[in-house]
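# Working through the structure, step by step
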Amino acid sequence: MIQVQNLSVGYGRRRVLSDVSLSVKPGRMTGLLGPNGSGKTTLMGAMGGVLPVRSGSVQLLDEDGTTRDFLSMDARQRAQVLSFIPQKVQTSFPLRCSTIVMMGRYPHLSSFANYSEDDIIGARQAMERAGIAHLWDRSVDAISGGELQRVLFARALAQKTNIMFLDEPSASLDMAGTVNMFDMLREIADDGGLVFVTVHDLNLAALYCDELIFLKHGEIVGNGRTEDVFTEERLSEIYETPIRVQPHALGKVPQAQAVPRAFRNDALFSGASKLTKRCAG
Ligand SMILES: Nc1ncnc2c1ncn2[C@@H]1O[C@H](COP(=O)(O)OP(=O)(O)OP(=O)(O)O)[C@@H](O)[C@H]1O
C-alpha cells in the first residue's frame, strides 16, 4: 500500500497541493479525477518521486509490515517497484520504439550488465500485448500520439512492477485501444497489482476503477469506493455543471451523462441537488 501524508507541493512560489493525505491499495484500480488544473498530474508526479515535495511523506507499506520512504529511494530502486507513464514525454533523440520499451528492463539489470535474451523477449511480449509489435524498429519521432502512448504502456509492462502510475494513459487512444489498455490494467490489479491512474473520462473510471479520488483546487473533495462517490450531486458540484448518473446498459456500474444547456429546464434546475431530485423523479 502507498500512504501519503500531509503532502504539499508547488511550483516556485505557487502552492498547488496543501496537506493532501490518502492511501492507494494493492489489488485495486484507483482513479484520480478532477477538473483541469486541479492538481492530478502534480500529485501523481510528487507521489512517483518525479516532482519535489515541500512537506509531507509518501511511504510504501510492504505486506511483511516493512515501511519504506518512497521519496528517499533513488530512481533505480523506485523503478524496480514502480512504473510511471507520464502525460507528456520529450524525446530529444530519434530512438527506436523497441529501445524505449527496453528501458523498462533497465532498473532490473545489474551494474554494467547488458540486456539479456530474456529482456529482449520481455520487451517483445510487452509490445505485442500493447498491440505495437510492428513498431519495433520504428523511430519514436515518427509515430502517432496514440502509438506513443502504447509504446510507453509497453515500457511499463516490460518493467514488470507491482505498482503502476499512469497519467492520462488513454488520452490519445481510440475506443478499442482504451478498452484493451484498461482491460490489461484491470487484470494487473486483479493479480494483486496497485494501479493508480488519472483519467478525465468519468465513465471509463467508473467502469474499471474500484476506488476514486477526486481533486479540486489541490484538495481532496471525494475519496471512496466508486459506487459510493460516483453520484450526481458530487459530480455536478465538482465539475460545476449538471451531470446525470444512470447505470451502464450492461450492469449496475454508474455512468455519467453531461446535460447540455439546451436540455436544462431553468425553472426546475438551479443546482445539483435539484437536478438530482428531478432525475430521481
Ligand atoms: N510547471 C509548472 N509551473 C507552474 N505551474 C504549474 C506547472 N505545472 C502545472 N502548474 C499549475 O499547477 C496546477 C495543477 O496542475 P496539474 O497539471 O497538476 O493539474 P491537472 O489536474 O493534472 O490538470 P489537467 O486535468 O488539465 O491535466 C495548475 O494550476 C497548473 O497551471
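Residues numbered from 1 in each chain as written. Predicted model: local features only at pLDDT ≥ 70, side-chain atom pairs only at ≥ 80, totals over all residues. Heavy atoms only, no water.

### Description of the domain arrangement of the chain
The condition is simple: An automatic or database domain assignment provides the domain bounds reported here. Note on definitions: buried area is the accessible-area loss of two parts on being combined, 1.4 Å probe, summed for both. Salt bridges, as used here, are contacts in which a Lys or Arg side-chain nitrogen is within 4 Å of a carboxyl oxygen on Asp or Glu. Here a polar contact is recorded for every N or O atom pair within 3.5 Å, except that within protein the pair must consist of a potential hydrogen donor and a potential acceptor, and residues adjacent in sequence are included only if both atoms are side-chain atoms. Numbered from the N terminus, helices here are DSSP runs of H or I no shorter than four residues, and strands are runs of E no shorter than two.
Partitioning the chain into domains gives domain 1 (2-230) and domain 2 (231-265). On a C-alpha basis, the centroid separation for the pair domain 1 and domain 2 is 27 Å. Buried surface at the junction of domain 1 and domain 2, summed over both partners, amounts to about 1,300 Å²; 60% is from carbon and sulfur atoms. At the boundary of domain 1 and domain 2, one finds one salt bridge. Across the pair E240 and K216 runs a salt bridge, and its minimum N-O distance is 2.7 Å. At the surface where domain 1 touches domain 2, the tally comes to nine residue pairs in polar contact (both at pLDDT 80 or more). Where the side of domain 1 that touches domain 2 is concerned, the elements lending two or more residues are α7 (202-208), β9 (211-216), β10 (219-225) and α8 (226-229).

### Let's talk about the site of the ligand
Rules: Residues are classed as near a molecule or strand on a simple rule: at least one heavy atom within 4 Å of it. All accessible areas in this document rest on Shrake-Rupley with a 1.4 Å probe, and a residue is counted as covered only by the protein chains that are shown. Three classes are used: nonpolar for Ala, Val, Leu, Ile, Met, Phe, Trp, Tyr, Cys and Pro, charged for Asp, Glu, Lys and Arg, and polar for all others, with Gly counted as polar.
Among the 13 residues in the neighbourhood of the ligand, the closest are listed as G37, K40, T41, T42 and H200. At 3.0 Å from an oxygen atom of the ligand is found a main-chain nitrogen or oxygen belonging to G39. With respect to the ligand, the backbone of T41 contributes an N or O atom lying 2.9 Å from an oxygen atom. About the coverage of the ligand: the protein hides 62% of its 630 Å² of free accessible area. Among the elements of the structure, β2 (14-24) and α1 (40-47) are those that each provide at least two residues to the shell around the ligand. Among the residues forming the shell around the ligand, the class breakdown is three nonpolar, eight polar and two charged.

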